[in-house]
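Structure assessment
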Amino acid sequence: MGLLNVFHHQRKPSSSAKIAKERLQIVIAHERQHGRGLDYLPLLKKDLLEVVQRYVKVSDDAITMRIEKSEGMEILELNITLPERSESKSSE
Amino acid sequence: MTKVLVVTSGKGGVGKTTTSAAISTGLAEAGKKVAVIDFDIGLRNLDLIMGVERRVVYDFINVIQGDATLKQALIKHKEVDNLYILPASQTRDKDALTTEGVKQVIDELKEDGFDYVICDSPAGIEKGAHLAMYYADEAIVVTNPEVSSVRDADRMLGLLASKPRRAEIGDTPVVQHLLINRYAPNRVSTGEMLSIEDILEILAVPLLGVIPESTAVLQASNAGRPVILEKQSDAGQAYADAVARLLGEQKPMRFVEEEKKGLFARLFGK
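Calculation criteria
Residues numbered from 1 in each chain as written. Chains lettered and ligands numbered in written order. Predicted model: local features only at pLDDT ≥ 70, side-chain atom pairs only at ≥ 80, totals over all residues. Heavy atoms only, no water. Helix = DSSP H or I, 4+ residues; strand = E, 2+ residues; numbered from the N terminus. Buried < 20%, exposed > 50% of the residue type's maximum accessible area, 1.4 Å probe, protein only. Contact = heavy atoms within 4.5 Å. Areas by Shrake-Rupley, 256 points an atom, 1.4 Å probe, with all protein chains shown as cover. Core = buried A, V, L, I, M, F, W, Y, C linked by side-chain atoms within 4.5 Å. Phe/Tyr/Trp six-rings, centres within 6.5 Å; stacked < 30°, edge-to-face > 60°. Pairing = 2+ DSSP bridges. Polar contact = N/O pair within 3.5 Å; in protein donor to acceptor, adjacent residues only side chain to side chain. Axes fitted to C-alpha atoms, helices over the stretch in contact; angles between N-to-C directions. Left-handed = near helix turned anticlockwise from the far one by under 90°. Nonpolar A, V, L, I, M, F, W, Y, C, P; charged D, E, K, R; others polar.

Structural notes on the overall build of chain A
- A tally of helices and strands in chain A yields two helices and two strands.
- Secondary structure of chain A in N-to-C order comes out as α-α-β-β.
- Counting all 92 residues of chain A, 18% fall into the buried class.
- Sequence-distant contacts, at least 24 apart, represent 42% of the contacts inside chain A between residues at least 6 apart.
- Here chain A has roughly 7800 Å² of accessible surface; of this, 55% comes from carbon and sulfur atoms.

Overview of the nonpolar core
- With 57 residues, the main nonpolar core has Phe39(B), Phe60(B), Leu86(B), Leu97(B), Val105(B), Leu109(B) and Leu203(B) as its most contacted residues.
- When residues in this core are grouped by element, the largest group, six residues, is from helix H7 (residues 147-162) of chain B.

Here we look at the packing of aromatic side chains
All names here are of chain B.
- In total, this model carries three aromatic pairs over all chains according to the counting rule given.
- Measuring from centroid to centroid gives 5.5 Å for Tyr84 and Phe114, while their planes differ by 80°, and the two rings are edge-to-face. Placement of Tyr84 in strand E4 (residues 83-86) and of Phe114 in the loop between helix H5 (99-111) and strand E5 (116-120) is noted, with a sequence separation of 30 residues between them. As far as burial versus exposure is concerned, Tyr84 and Phe114 are alike and both buried.
- Relative to Tyr135, the ring of Tyr134 lies with its centre 4.8 Å away and its plane at 85°, an arrangement referred to as edge-to-face.
- A relative accessible area of 14% means that Tyr134 is categorised as buried.

Remarks on the sheet that holds strand E3 (residues 75-76) of chain B
Residues and elements named next belong to chain B.
- Taken in spatial order, the eight strands of this open sheet run E3-E4-E2-E5-E1-E6-E7-E8, and their pairing is mixed. At either end of the open sheet lies a strand with only one pairing partner, and these are E3 and strand E8 (207-212).
- Pairing between strand E1 (residues 3-8) and E5: five bridges, direction parallel. Counterpart to Val4 in the pairing with E5 is Val117.

Quick notes on the environment of Glu71(A)
- Mapped onto the elements, Glu71(A) comes out in the loop between strand E1 (63-70) and strand E2 (73-80).
- In the structure, Glu71(A) is positioned 22 residues away from Leu49(A) in sequence and 29 Å away in space, judged by C-alpha atoms.

Quick word on the side chain of Ser214(B)
Residue and element names in this part refer to chain B.
- You can see Ser214 is positioned in the loop between E8 and helix H11 (215-223).
- Ser214 gets classed as buried once you look at its relative accessible area, which sits at 12%.
- Polar side-chain contacts of Ser214 include one of 3.0 Å to the backbone nitrogen of Ala216.

A look at the packing of H7(B) against helix H10 (residues 196-203) of chain B
Residue and element names in this part refer to chain B.
- One way to put it is that H7 packs onto H10 with a least axis distance of 10 Å and a crossing angle of 35°. H10 is crossed by H7, and the crossing has right-handed handedness. Contacts between H7 and H10 involve Val150, Ala153, Asp154 and Leu157 from the first element and Ile199, Ile202 and Leu203 from the second.
- The residue makeup of the contact of H7 with H10, split by class, is six nonpolar, no polar and one charged.

Next up, the structure:
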């Protein structure tokens, strides 16, 4: 047993720790994004929609929003689908 | 100036109470006047770890509800001067703990000239855990080198940044410290345990200490003596280093490298 262990010790480490680290990095990055977004995202979405609806007739589900994170930068992606023939609400 | 320090983790069983007992005892040994409060209402255990379970007469909830004074409820440690324990209640009524009640007790400890109030948080993210961190100036987040406790530690760090009173009133944020418990350097070197560097890379919080996996911890809890009093033990010494760092000293991390075995031990040892 002892003799075998000498060689076993030299072997490349079985890196379940490496797998653990990678899994953690992914799940934590995801959760941090959600944790932050959840606070204000729905309210921001509602406010933005109200502003847009002041000028253009759009339905409540015409707005989509998501936060994307890349290379230390966060991008707020906002998508509003306008109706085919947008009628201006503003008076002339 | 009293410092309120919460010991928290999210996940249960990672060593919050062991850490609360060791850190509070270490601070008291360093000459600070310390009160350690068990916030785990209904599941009191700090009294056992501190070895004062037979001297509990009144508890935290009795004080909050006015059935006892704080002086009556605080248990003075027999071996260590300036160390006082406020046990949790065994009531099943979780609502017995209130924000105002906690404030009242902490304010009174401040008036009485305590240097440190250590809040031993329950596991989870329910009311007890929130109240344990609510008045905190500093926090020790305890984690094990294991996926679920690291993930929960990250959750707690997020809550510590947003939930305590300091965050609510826009004061300077709660100072965060990380304590890695049950570390086994030999398992790290074989690649089967997350390393200190792995955990720090993920959590990005200043490291207060690394406590090695140690038989001394169970022996100390069996005997009801905070492990920091076992001066010869590795875990006791690692906790003593952590306390010194908390007080501003620079200490190198010990017990974090695998013990080098000689050829003889490697051939014939285990």
